[in-house]
Amino acid sequence: MNKRTVVAKFGGTSVADAAQFRKIRDIVLSSPERRFIIVSAPGKRFPGDRKVTDLLLDCYAKASAGEPFTDDLDQIRTRFREILDGLTIEFPLEEELRALEQSLTNKPDKDYTASRGEYLTAKIMAEYLGFTFVDPAWCVCFDEDGQLNAGMTNRTMRASLLPLEHAVIAGFYGADPDGTVRTFERGGSDITGSLAACAIHADLYENWTDVSGLYAADPGIVKEPETVPYMSYRELRTLSYMGASVLHSDAVLSASEMEIPINIRNTNKPADPGTMILRHLPRGVPKNPVTGVSGRKGMSVVQIEKVMVSDGSGFSALMLDILKERALPFEYCLTGIDSITLIIRRDLLDSCKEELFEEIRETLHPDFVGLREGLSLIAVTGEKATESSDANVRVLEKLTGEGIEIVTINQGAGKLNLLIGVPEDRFEDAIRTIYAFRQSIPM
Ligand code: ASP
């Protein structure tokens, strides 16, 4: 393919009503490179509004409990009717909704029901833009066990999209070998966009949302944080894993494997450049070593002590085996000379705490097993920190100077990728402190 191809995914708020559809048309038609468009289902138009996917899931819950679902279905009808009237396009909405109603009445299926928001939105968008509609049930392939078959999806999507000049693809779902509809996790339209971008080897994957890029910190904690102009895939994975949510992490993974740049853009402010996510950051970017800070509350620390933990007898491996057997994930594990520290999500630990400690005592005969709850974890990331940067030390000094207790530290050997455990009640203070301080740290 010689000409540049951009895959553009528009999220729920970008397709929330007819006015948003118009903005999308202006954006798409302003560049012939935007050939493949992925859409979510209409999201919230205002605080307190309901997402179409939530309405659909309510229909399913009621239908499967044998309760009437007409109220929710009517709300869905009204949402789409308003969009169609606002855009003055002909569309067989009643026919489509009848098919949904029949499926809900005869044999309610959760994934099929949930997928209809994207299906209808993509069909309407295709009609509005004059593009071909592509149903992902034909080309996003799931196995019988509900897992995505990435290889087959790649080949099938490529074969479906390459012959087309322009297309609109519904996000969020695909189908298994029987043709039964399967959905991704919530927020999964990002994944569809990324799969499409990978399948056609797009030059760019644009992800259009309602913010002008990724913030350097959570705007719920820091007032009006800056948006980050450039970020690496790795930095983004760290920040989103630790709580920053703009893009589904699986979407980042596949785009990063193919090195397809991702540009987060704002449908309501299309002139803003947004955040560009790349493998390698351009020269001279950024100006200071900390790209962003994010974190999560609700962590517990398990401390196991035994003289000679690290004598090569496989104590740590045994400990990790115990967690593996219980399918209990941990955030990280630090091994010291005579101790192991595990950070585990409290909600996961709580359900098996007693038995786990019992097993540790019986299997490992430790000198001491301790538990500390009420911890939060903070990720400070910056891929461009130079080898000589002491940003990590400065951040820790600053926190201590503010009287914030540092419970754990995890600093890998890579670039700046520091995980700090602080008490939950100082979480917000710690994020604000690091955010404000970051610009005064030299490279
Ligand atoms: N509509 C789905 C959801 O609300 C998927 C998506 O928007 O990406 O989660």
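As a starting point, this report considers the structure included with it.

Definitions and cut-offs
- Residues numbered from 1 in each chain as written.
- Predicted model: local features only at pLDDT ≥ 70, side-chain atom pairs only at ≥ 80, totals over all residues.
- Heavy atoms only, no water.
- Buried < 20%, exposed > 50% of the residue type's maximum accessible area, 1.4 Å probe, protein only.
- Helix = DSSP H or I, 4+ residues; strand = E, 2+ residues; numbered from the N terminus.
- Pairing = 2+ DSSP bridges.
- Axes fitted to C-alpha atoms, helices over the stretch in contact; angles between N-to-C directions.
- Contact = heavy atoms within 4.5 Å.
- Core = buried A, V, L, I, M, F, W, Y, C linked by side-chain atoms within 4.5 Å.

A regular strand places its side chains on the two faces of the sheet in alternate fashion. The buried fraction of strand β7 (residues 204-209) amounts to six of the six residues, a majority that puts the element mostly inside the structure. Going residue by residue along β7, you find Leu204, Glu206 and Trp208 tucked away on one face and Tyr205, Asn207 and Thr209 tucked away on the opposite face as well. Relative to β7, strand β1 (residues 6-10) runs parallel, the two sharing five bridges. Bridge pairing in β7 places Phe10 opposite Trp208. In terms of strand pairing, β7 meets strand β9 (residues 262-266) through five bridges, oriented parallel.

What follows deals with the sheet that holds strand β12 (residues 332-335). Taken in spatial order, the six strands line up as β12-β13-β11-β14-β16-β15 in an open sheet, and their pairing is antiparallel. Edge positions in the sheet fall to β12 and β15 (408-411), since each of these pairs with one other strand and no more. Put simply, the sheet's adjacent strands are angled 25° from each other on average, direction ignored. Relative to strand β16 (residues 416-423), β15 is paired through four bridges, and the arrangement is antiparallel.

Turning our attention to the pairing of β12. Sheet topology places β12 next to strand β13 (residues 339-345); four bridges connect them, and they run antiparallel. Of the residues in β13, the one forming a bridge with Thr335 is Ile340. Hairpin connection from β12 to β13: three residues lie between these consecutive antiparallel strands.

Here we take up the environment of Phe91. Along the chain, the position of Phe91 falls in the loop between α3 (70-87) and α4 (93-106). When the C-alpha atoms of Phe91 and Asp135 are compared, they prove to be 16 Å apart, with 44 residues separating the residues in sequence. Those residues in contact with Phe91 that sit more than four places away from it in its chain are Leu84, Glu96, Leu120, Lys123 and Ile124.

Strands pair in a sheet through their backbones, by hydrogen bonds, and they do so in one of two ways: parallel or antiparallel. Pairing within the open sheet is mixed, and its eight strands lie in the order β3-β4-β2-β1-β7-β9-β10-β8. A single partner strand is all that each edge strand has here, and the edge strands are β3 (132-134) and β8 (230-232). Averaged over all pairs of adjacent strands, the angle between strand axes in this sheet comes to 25°, irrespective of strand direction. Note that β3 and strand β4 (residues 167-170) share three bridges and pair parallel. By the bridge assignment for β4, Thr132 is matched with Ala167. Here helix α5 (residues 110-129) sits on the sheet and contacts β2 (34-39), β3 and β4; the angle it forms with β4, its principal contact strand, is near 170°. Of the strands in this sheet, β8, β9 and β10 (275-278) touch helix α8 (residues 233-241), which is tilted by about 85° from β8.

With 62 residues, the main nonpolar core has Val7, Ile277, Ile378, Val380 and Ile420 as its most contacted residues. Among residues more than four places away in sequence, those in contact with Ile277 are Leu214, Met231, Ser232, Tyr233, Leu236, Leu247, Pro261, Ile262 and Ile264. One finds Met125, Leu129, Phe131 and Ala170 within the second-largest nonpolar core, a separate group that totals 44 residues.

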